[in-house]
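Survey of secondary and tertiary structure
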Amino acid sequence: MRISEQAKQENRSRILDKAAEIFNSKGFEDSTTRDIALAAGLAAGTLFNYFPSKETLAMTMVSEALVQGREDYLRRCTGREELAEELFLFVASGLRRLRPLRPFLGPVLERSLSPFPRKNVCQEGETARQEHLAAVQSILARHGFTEAPDYVAMTMYWSLYLGILAFWSNDTSPNQEASQALIDYSIRMFVQLISGSGADKGEADAS
Amino acid sequence: MQVEDGRDTETLQMEMLLDALPKGSATDPASLALARLITNISNKKVPVSSFSRIWTLGSLQARVSAGYFAYWLRSRFSDAENKQRLKSEAHLAAALKLFGTMGYMRGAVMKVGQLLANLPEVVPEEFAEVLSALHFEAPPMHFAMVREVFLDEFGREPEELFASFDRQAFAAASLGQVHRARLHSGEEVAVKIQYPGIAHTIKADLRNLRLLLQPLCLTIDWQDTLAKLADIERMLLMETDYGQEAAYNRKARLVFNDADRIAVPLVHDQYSTRRVLTTEYLHGCHINDFLATDPGQGERDHFTRLLTVATYRLYYRLHWLPADPHPGNFIFMADGRLGMIDFGCTLTLSDEEWVFSNEAIQAALDKDLQGLNRAIARACRFDDPGDMEPDRLEVIRQGFYWFMEPWQQEGIFDFGDRAFFLRGIDNVIEATRKGYTRSLPMTLWSNRFTFGGRAFCYKLKGRCEFRKIFKQEAAGAAAKLT
Ligand SMILES: Nc1ncnc2c1ncn2[C@@H]1O[C@H](COP(=O)(O)OP(=O)(O)OP(=O)(O)O)[C@@H](O)[C@H]1O
């Protein structure tokens, strides 16, 4: 039976909604694609036409949230930010969009964004990573940091970012405020590292 | 920092440090080791110096303070047995390493260290200066971070909430920073924003401070120190809730009227939360800028009187100790009013503390020596004056007499009198040197209240009819009750 493009889109977003609900209530590890298919009113086989695995499902949500976060960041960016400030805005905007997914995100990110090489790369995860890093690179370029050996700077950035994600997904402080401080530190440290000492004063260094 | 660019900076710094340490230490081999240790620790590069307002041992002055602090700690157990002493030195080494990692409190702790290390030669000006510098400062936030706080607190960006909002902070606060803004209704406001997660940092810092002070448990009343640290923690954490501060602020506004010439800024509740406090902006300047205008004696006296009325009104009417009489908390307004802006560190005396506090004052006013001694014993946590060493009783009593001097004097009292202020400092020095520091935690705040206020008035070189004012305020409060 052929179904219309519109019905496909509806199915897809219904699956994503239900999956988010189920991941949130049961946790990622204990949720099954069967549960999700059932909740979405689809046969398990049909669900696989949309998402080949539970991981792909979860990473699709992550990647969509990060796309929205990037849009938020672009909208909020005034163009007057210093490098550290702009990176902060970028990272914080992304996390804000990821917030609804936070309760089940730990194991998902651990699997899909791990910097270690593995056989079955999750394509959604890989895309999310590349897009995120591309955005970071264009921020750096705009602030005049094109000279840095990219793979060094990017590897350092990515490990900091993963550290932030790991801490944040487990942060029990109200509004994850401890993570905000961590982001602040991490980014300032990163900027310091790639720029040598003292290049970026940070506008609030009022003294 | 230029010194760091030279080749032999390590030696250079060592020399400067040794120079700066109290006399005698430069020749003492143990001090040499200590200086080396401090140089090592303070040279530990923290790759984030651009935001290091307080987070790294950046300036030489800070290093020297750290050195002083170490020296002071060490002198506290210098007469302990050798074995004991070695153990303490090991503690100290570990403690200093910790010191290097402390964030929020380091600035303040170093100020105390500097003061303590300088003790025998402290002059009033320095004392007043250190006291006024003695406060905590959060790391600065860039605007992107401020915006995140706003989204969390109000679900809106600062520019959406306010008609206009300055991206740049105009003042630092102990837990965050203050921005100017304008409400849609046109009022100018000051918006104080807390650095995210600062409460957590404070707790961690205090844990570290306890460890840092651990060596002292050999020689002084350790339980007493712990009780005080617990009280400091309680007050600091109380400051992290701006909602509390707003509540204090509202109560304070009620006890002043226009004729008092004392301004407590209005809190705008709609724009305030636990982490953000929006108050009416008060136009004016702080003490240093005020003094820079070379005010006449009349103006100095005027503000001294207002400060006295303001603090004792709060004491008698509300039983409060504004325990943070930091110069930043007072604004000399162009129209001659005194602005009081910070109620974050206000201690409300319990009924028991209130009665006790007044009994002590009354005993001194009545020249009732027995009663006074009993009050002193209690403040020093002894059951009976007879349990105190006579010298301890004497020294503490002298301190209390000093506190009471303005209360006893008819007519005008000159808080700018250097000899008077010096007597107070000398007494603190003597008590500290002799280790007579055991006391109720409450005295931490009453001392801070007294010394902070007097250092302020000393700097101001101001005078007022103190006795008349306190009597008026006490009577005013009594009249309110009946
Ligand atoms: N309503 C106001 N009008 C004018 N200036 C203000 C106002 N509120 C705060 N400020 C400025 O901001 C500074 C810090 O504010 P405040 O004293 O409330 O912060 P704090 O966190 O309690 O700091 P601290 O404990 O160091 O005094 C003040 O010294 C003052 O310069």
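Residues numbered from 1 in each chain as written. Chains lettered and ligands numbered in written order. Predicted model: local features only at pLDDT ≥ 70, side-chain atom pairs only at ≥ 80, totals over all residues. Heavy atoms only, no water.

Thoughts on the overall build of chain A
Along the backbone of chain A there are 9 helices and 0 strands. Going from the N terminus to the C terminus, chain A shows its helices and strands as α-α-α-α-α-α-α-α-α. Counting only C-alpha atoms and orienting by the principal axes, one finds that chain A spans roughly 65 × 35 × 35 Å. The buried share of chain A, taken over its 207 residues, is 48%. Nonlocal contacts in chain A, meaning residues at least 24 apart in sequence, comprise 73% of its contacts between residues at least 6 apart. As displayed, chain A has an accessible area near 10,500 Å², and 53% of this comes from carbon and sulfur atoms. Looking at charge distribution, chain A has the averaged site of its 23 positive side-chain charges lying 6 Å from that of its 27 negative ones. (Helix = DSSP H or I, 4+ residues; strand = E, 2+ residues; numbered from the N terminus. Buried < 20%, exposed > 50% of the residue type's maximum accessible area, 1.4 Å probe, protein only. Contact = heavy atoms within 4.5 Å. Areas by Shrake-Rupley, 256 points an atom, 1.4 Å probe, with all protein chains shown as cover. Lys, Arg positive; Asp, Glu negative; His and termini not counted. Charge placed at Lys NZ, Arg CZ, Asp CG, Glu CD.)

Overview of the packing of aromatic side chains
Residues and elements named next belong to chain B. Evaluation of the coordinates by the stated rule reveals 39 aromatic pairs over all chains. Relative to Phe-420, the ring of Phe-415 lies with its centre 6.4 Å away and its plane at 70 degrees, an arrangement referred to as edge-to-face. In this structure Phe-415 comes out as buried when scored by relative accessible area, which is 4%. On the accessibility criterion, Phe-420 (1% relative accessible area) is buried. In this structure, Arg-454 packs its charged tip against the face of Trp-402, placed 4.8 Å from the ring centre. Directly above the aromatic system of Tyr-458 lies the positively charged group of Lys-461, at a separation of 3.7 Å from the ring centroid. (Phe/Tyr/Trp six-rings, centres within 6.5 Å; stacked < 30°, edge-to-face > 60°. Lys NZ or Arg CZ within 6 Å of the ring centre and 35° of its normal.)

Overview of helix 6 (residues 102-112) of chain A
Residues and elements named next belong to chain A. Among all positions in helix 6, only Arg-102, Phe-104, Leu-105, Val-108, Leu-109 and Ser-112 are buried. Down the axis of helix 6, the buried side of the element spans an arc of 135 degrees, and every buried residue falls inside it. Residues Pro-103 and Glu-110 are exposed on helix 6 and point more than 90 degrees away from its buried face. Tucked into the core, helix 6 has its buried residues touching helix 1 (5-26), helix 4 (54-76), helix 5 (83-98), helix 7 (123-142) and helix 8 (150-169). (Arc of directions from axis to C-beta.)

A word on the side chain of Asp-152 of chain B
For Asp-152 of chain B, the position within the fold is in helix 7 (residues 143-154). There is a polar contact of 2.9 Å between the side chain of Asp-152 of chain B and the side chain of Arg-99 of chain A. Not counting residues within four places of it along the chain, the set of residues in contact with Asp-152 of chain B comprises Arg-96, Arg-99, Asn-175 and Gln-180 of chain A. (Polar contact = N/O pair within 3.5 Å; in protein donor to acceptor, adjacent residues only side chain to side chain.)

Thoughts on the nonpolar core
A general trend in soluble globular proteins is that nonpolar side chains are found buried together. If you look at the biggest cluster of nonpolar residues, it comprises 92 residues, and the most contacted ones within it are Leu-98 of chain A together with Phe-150 and Phe-162 of chain B. Among the elements that take part in this core, helix 5 of chain A stands out by supplying 10 residues, more than any other. Excluding its chain neighbours within four sequence positions, the residues that come into contact with Leu-98 of chain A are Val-62, Ala-65, Leu-66, Leu-105, Leu-165 and Trp-168 of chain A. With 71 residues, the next largest nonpolar core counts Ala-252, Cys-380, Phe-403 and Tyr-458 of chain B among its residues. (Core = buried A, V, L, I, M, F, W, Y, C linked by side-chain atoms within 4.5 Å.)

Considerations on the pattern of salt bridges
All names here are of chain B. Applying the stated rule across the entire model yields 36 salt bridges over all chains. The partner of Asp-241 in a salt bridge is Arg-274, and the shortest N-O contact between them spans 3.6 Å. In this pair, Asp-241 sits in the loop between helix 10 (222-239) and helix 11 (242-254) while Arg-274 sits in the loop between strand 5 (262-263) and strand 6 (276-280), placing the two residues 33 residues apart along the sequence. The class for Asp-241 is buried, based on a relative accessible area of 18%. When the shortest N-O distance is used, the salt bridge between Arg-463 and Asp-301 registers 2.8 Å. One end of the pair, Arg-463, is in strand 13 (residues 463-464); the other, Asp-301, is in helix 13 (residues 297-318), and 162 residues separate them in sequence. A relative accessible area of 13% places Asp-301 in the buried class. (Salt bridge = Lys/Arg side-chain N within 4 Å of Asp/Glu carboxyl O.)

Brief notes about the pairing of strand 6 of chain B
Residue and element names in this part refer to chain B. Strand 6 sits mainly inside the fold: 4 of its 5 residues count as buried. Relative to strand 6, strand 4 (residues 188-194) runs antiparallel, the two being bridged by 5 bridges. Within the sheet, the bridge partner assigned to Val-191 lies in strand 6 and is Thr-278. (Pairing = 2+ DSSP bridges.)

Looking at the site of the ligand
All names here are of chain B. By nearness alone, 21 residues border the ligand, and Glu-280, His-286, Gly-328, Asn-329 and Asp-342 come closest of all. Thr-279 has a polar side-chain atom sitting 3.0 Å from a nitrogen atom of the ligand. The separation between an oxygen atom of the ligand and a polar main-chain atom of Gly-328 is 2.7 Å. In the complex, the protein chains occlude 93% of the 610 Å² of accessible area that the ligand would expose alone. Looking at side-chain class alone, the shell around the ligand contains 11 nonpolar, 6 polar and 4 charged residues. Shared between two domains, the shell around the ligand holds at least three residues of each, these being domain 2 (139-172 + 175-281) and domain 3 (284-482). (Near = heavy atom within 4 Å. Nonpolar A, V, L, I, M, F, W, Y, C, P; charged D, E, K, R; others polar. Domains from an automatic or database assignment.)

With respect to the sheet that holds strand 7 (residues 284-285) of chain B
All names here are of chain B. The mixed open sheet is built from 4 strands, whose spatial order is 5-10-9-7. Two strands close off the open sheet at either side, each with one partner strand: strand 5 and strand 7. In this structure, strand 9 (residues 330-333) lies alongside strand 10 (residues 338-340), joined through 3 bridges in antiparallel fashion. Looking across to strand 10, one finds that Ile-331 is bridged to Gly-339. Contacting strand 5, strand 9 and strand 10, helix 13 crosses the sheet at an angle of about 35 degrees to strand 10. (Axes fitted to C-alpha atoms, helices over the stretch in contact; angles between N-to-C directions.)

A short note on the domain arrangement of chain A
Residue and element names in this part refer to chain A. When the domains of chain A are assigned, the result is domain 1 (1-51) and domain 2 (53-197). For domain 1 versus domain 2, the separation of C-alpha centres amounts to 27 Å. Opposite the 13 residues of domain 1 that make contact, domain 2 presents 15 residues. For the pairing of domain 1 and domain 2, the buried interface totals around 1,300 Å² over both sides, and the portion due to carbon and sulfur atoms is 73%. Taken as a group, Phe-23, Phe-28 and Phe-51 account for 48% of the area that domain 1 buries against domain 2, more than any other trio of residues on that side. If you look at where domain 1 meets domain 2, you find 1 salt bridge. Arg-12 is the partner of Glu-64 in a salt bridge, and the nearest nitrogen-oxygen pair spans 3.2 Å. Put simply, domain 1 and domain 2 have 6 residue pairs in polar contact (both at pLDDT 80 or more) between them. For the side of domain 1 that touches domain 2, the element with the most residues is helix 1, which contributes 7 residues. (Buried area = accessible area lost by both parts, 1.4 Å probe.)

Describing the confidence of the model for chain B
Caution applies to low-pLDDT parts of the model: their predicted coordinates are not meant to be read in detail. Residues and elements named next belong to chain B. Here chain B averages 80 in pLDDT, while 68% of its residues score no lower than 70. Predicted confidence for residues 44-61 stays below pLDDT 50, and this span has 44 contacts to residues more than four positions away or in other chains. As scored by the predictor, the complex reaches a pTM of 0.81 and an ipTM of 0.84. (pLDDT = per-residue confidence, 0-100.)

Some points on the environment of Tyr-271 of chain B
Residues and elements named next belong to chain B. With respect to the helices and strands, Tyr-271 occurs in the loop between strand 5 and strand 6. Here Tyr-271 falls in the buried class, since its relative accessible area comes to 12%. Distance from Tyr-271 to Pro-327, taken between C-alpha atoms, is 26 Å for residues 56 residues apart in sequence. Leave out the neighbours within four places in its chain, and Tyr-271 touches Phe-154, Leu-161, Phe-162, Leu-183, Val-276 and Thr-278.

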